[in-house]
Amino acid sequence: MIVSDRHTINREIHNVLIIQLGDIGDVVWTTPTFWAVKGAYSHANISVLLREGYGCLLASDPAIHRIFEVKTNLGGFLYSTIKHLQLIKELRREKFDLVFDLRSGDRGAIMARLTGAPIRASLLYQDVSFWRNMLFTHLLMEPAPPKDRVLGAAEQSLRIIRGFGINAETTIPMLRVSDKVMNVVHRILMESGIKPKMSDSFYRFITINPFSRWAYKEWSYDKWVGVIDWLWDEFHIPAVIIGSRGEAVRASELVNKCSGTAYSLAGKTTLAELAGVLSLTNFHLGVDSAAPLIAAAVGTPTITIYGPSDWRDWAPVGKKHRIIMSDMDCVPCYKKGCNGSGQSMCLKNLEINLVQTVVREEFEKVL
């Protein structure tokens, strides 16, 4: 094992695997890293290993040769073991020369070791299991933070590959949506009653994501009802609620409370199809989650409501993207709710009129 603050790779690289077993947002933020590695090894095949279901987001990315997914919820122990062994066999068949693991988890480290790659690289993490770091051949010592704060989370993975002499041309994520996926998206919209405004397939709607995996990041549903009704009354524009299959019931309940026109696509799309929907919306409005990142990555302006988390770490970067947050002195506190309650007062006290003001300013730009 070689531990250093700078590494040089002195061998030909034909096949690279990048392991990113983080959440959806982490995958989106890692796209500049995929392109940077491809730029450094232009003749090499760049493959990625992700969590199950996330690969469709990258299916149209020309920088990526193959997408592997770690399966979950496979049933019994025997069946699960067989599936994992099949994945390992597939990975070994690729004969990777170089593997980057971009996270600190044990699973990624184990998968990196099982590929059999002669160079297995990652960041040297301190607060991990004692054997995790031993599974790599090259470990990068934590680089010094840049003098000026870098906005967005792309730096989390870029700092690792920079330690191996790989530079990035951009830190802005971008996702591509295929024509095949867009055809499915148009069908989903049509079946849901969302039709183009004109014959040239121009849609007029706002996507809204009120949901987060963590309740302490969510805004009051009653306030969302107020915003949706105001959108219809003020601009005569419908809202399209997006979310996961597990959020479909809540999305339907929210739509039913609205007097303004609203639709729910929660649970009706894959991640790739969601990216397609977000590419058609006038702009996206929602809470801190993966949705604004996907929207921004397909070129859609976003307005994101932040509570205890720090927008500087996660919000889409650029003038097209707006953030809304409380003016309370404790923001951001990085806590999972106030005093262990699981609820964030900074979001509870955030009034509708603040959101309306920002939305109205954005409408003046796009409508």
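Structure's up top.
Residues numbered from 1 in each chain as written. Predicted model: local features only at pLDDT ≥ 70, side-chain atom pairs only at ≥ 80, totals over all residues. Heavy atoms only, no water.

(A) Examining the sheet that holds strand S5 (residues 98-101) more closely. With parallel pairing, the seven strands of this open sheet are ordered in space as S1-S7-S6-S5-S2-S3-S4. The sheet is open, and its two edges are formed by strand S1 (2-4) and strand S4 (66-70), each paired on a single side. Averaged over all adjacent pairs, the angle separating strand axes in this sheet is 20°, with direction ignored. Strand direction decides the pairing type here: strand S3 (residues 45-51) and S4, joined by five bridges, are parallel. For Arg51, the partnering residue across the bridge sits in S4 and is Val70. In this fold helix H3 (residues 77-93) packs onto strand S2 (15-19), S3 and S4, with an angle of close to 155° to the strand it touches most, S4. (Pairing = 2+ DSSP bridges. Helix = DSSP H or I, 4+ residues; strand = E, 2+ residues; numbered from the N terminus. Axes fitted to C-alpha atoms, helices over the stretch in contact; angles between N-to-C directions. Contact = heavy atoms within 4.5 Å.)

(B) Layout of helix H9 (residues 271-280). Burial analysis of H9 places nine of its ten residues in the buried class, the great majority of the element. Residues of H9 that are buried include every one of Leu271, Ala272, Glu273, Leu274, Ala275, Gly276, Val277, Leu278 and Leu280, and no others. Lining the buried residues of H9 we find helix H1 (24-29), helix H6 (179-191), strand S8 (206-209), strand S11 (284-287) and helix H10 (290-297). (Buried < 20%, exposed > 50% of the residue type's maximum accessible area, 1.4 Å probe, protein only.)

(C) Main features of helix H5 (residues 155-162). Within H5, burial applies to Glu155, Ser157, Leu158, Ile160 and Ile161. Along its buried surface, H5 packs onto helix H2 (31-40), S5, strand S6 (119-123) and strand S7 (138-140).

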